[in-house]
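# Commentary on secondary and tertiary structure
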Amino acid sequence: TGSYKGKQISVMGSGMGMASIGIYSYELFKFYDVENIIRVGSAGAYTDELNIHDIVLVDSAWSESTFAKVQAGVENDIQLPNELLTKKIEDAANRIHTPIVKGRVHSSDVFYHEDNVPNHVDFYNDHNCICTEMESYALFHNARILGKKAASILTISDSLVTHEEISAEERQT
């Protein structure tokens, strides 16, 4: 926690998965009066149109998770980021000439899927998900039910299509 260009900010790890970000974001929004949370993370590509190091600005998160249903009785399998916060990120990327791809992510509860269940091809074809990660759906849900703002920006770290991936050292730097 500190200031950046005269504005108070905090940067923290949110753990991995919807359960972790669900707890952290709920508490930050509800008990600490945080107004905005931007998830910055990595994702795996579901299409060969995304390359390693591409940046995805999430415009919706689809999930088969029961997170929203169990937490608040919400049946919707798509959660949306805050439009204003997302637009600010897009405008910032344009100002610094950083290309971004806007699209829907698959927020999964499961990192490793067996061969007998739907896979990245199905998630891409059936739900228009261009990549996968594990947090945005829960973050967007918590922001919506608590009247706060959330957005998500992701770097493609690996591809389920081409099987390319960046190293652990590249991820950290």
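This write-up is about the structure you can find in this document. Just so you know, the residues in each chain are numbered from 1, in the order the chain's sequence is written. The model is predicted, so local features are restricted to residues of pLDDT at least 70 and side-chain atom pairs to those at 80 or more, both for listing and for counting; the totals for chains, interfaces and linings are taken over all residues. The basis for every side-chain value is the complete set of non-hydrogen atoms in the structure, without hydrogens or water.

### What about the nonpolar core?
Applied cut-off: Residue types Ala, Val, Leu, Ile, Met, Phe, Trp, Tyr and Cys, when buried and joined through side-chain atoms within 4.5 Å, form a set referred to as a nonpolar core. Note on classification: 1.4 Å probe, protein chains only; a residue is buried when its accessible area is under 20% of the maximum for its type, exposed when over 50%, partly exposed between these limits. Each helix is a run of H or I in the DSSP string that is no shorter than four residues. Each strand is a run of E no shorter than two, and both are numbered from the N terminus. Pairs of residues are marked as contacts when any of their non-hydrogen atoms sit within 4.5 Å.
Counting residues in each nonpolar core, the largest one holds 26 residues, and the members touching the most others are Leu-50, Cys-131, Leu-139 and Ile-156. Of all the elements in the fold, those that place two or more residues in this core are helix H1 (18–31), strand E3 (36–45), strand E4 (55–62), helix H2 (67–72), strand E7 (129–133), helix H5 (136–146) and strand E8 (149–159). Broken down by element, this core gets its largest block of residues, 5 residues, from H5. Aside from chain neighbours lying at most four places away, what touches Ile-156 is Ala-43, Gly-44, Ala-45, Leu-50, Asn-51, Ile-52, His-53, Asp-54, Val-56 and Cys-131. Formed by 5 residues, the second largest nonpolar core is a distinct cluster that contains Leu-57, Leu-85, Ala-151 and Ile-153.

### Quick look at the packing of aromatic side chains
Each aromatic ring pair is specified by the distance between its two centres and by the angle formed by the two planes. Inclusion rule: Paired rings are identified among Phe, Tyr and Trp, the last through its six-membered ring, by centres lying within 6.5 Å, and are further divided according to the angle between planes into stacked (under 30 degrees), edge-to-face (over 60) and tilted (the rest).
With the rule as written, the count across this model stands at 4 aromatic pairs. An aromatic cluster is defined as three or more aromatic residues linked by ring pairs; in this entry it consists of Tyr-46, Trp-62 and Phe-123.

### Re the pattern of salt bridges
Convention followed: Just to be clear on terms, a salt bridge is a Lys or Arg side-chain nitrogen sitting within 4 Å of an Asp or Glu carboxyl oxygen.
The final tally for this structure, using the stated rule, is 5 salt bridges. Across the pair Glu-133 and Arg-39 runs a salt bridge, and its minimum N-O distance is 2.9 Å. Highlighted residues: Glu-133 in strand E7 and Arg-39 in strand E3, separated in sequence by 94 residues. Of the two residues examined, Glu-133 and Arg-39, each falls in the buried class. Between Asp-91 and Lys-87 there is a salt bridge, and its shortest N-O distance comes to 2.7 Å.

### Quick word on the side chain of Ser-60
So the rule is basically this: Under the rule applied, a polar contact is a pair of N or O atoms within 3.5 Å (in protein, one hydrogen donor and one hydrogen acceptor; residues adjacent in sequence only if both atoms are side-chain atoms).
Within the secondary structure, Ser-60 sits in strand E4. Overall, the relative accessible area of 4% leaves Ser-60 in the buried class. Engagement of the side chain of Ser-60 in a polar contact is seen with the side chain of Asp-59, the distance being 3.3 Å. Here Ser-60 is in contact with Ile-78, Gln-79, Leu-80, Pro-81, Gly-103, Arg-104 and Val-105, once residues within four sequence places are set aside.

### Remarks on H1
Three- or four-residue spacings in an α-helix give side chains the same orientation, since the helix completes a turn every 3.6 residues. Test applied: By this rule the span expected of a helix is its residue count minus one, scaled by 1.5 Å.
Under the 1.5 Å per step criterion, the end-to-end length of H1 is 19 Å for 14 residues, consistent within 8% with the ideal 20 Å. Here the buried face of H1 lies against E3, H2, strand E6 (101–107), H5 and E8. One or two positions beyond H1, positive phi appears at Asp-33, with a value near 55°.

### Some points on the environment of Asn-119
Examined against the element boundaries, Asn-119 turns out to sit in the loop between E6 and helix H4 (120–127). Asn-119 gets classed as partly exposed once you look at its relative accessible area, which sits at 34%. Once the C-alpha coordinates of Asn-119 and Tyr-46 are considered, the two residues, 73 residues apart in sequence, prove to be 9.4 Å apart.

### Things to note about H5
The element H5 is extensively covered by neighbouring structure, given that 8 of its 11 residues are classed as buried. All of the buried residues along H5 are Ser-136, Tyr-137, Ala-138, Leu-139, Phe-140, His-141, Asn-142 and Ala-143. Backbone geometry just after H5 places Gly-147 at a positive phi near 70°.

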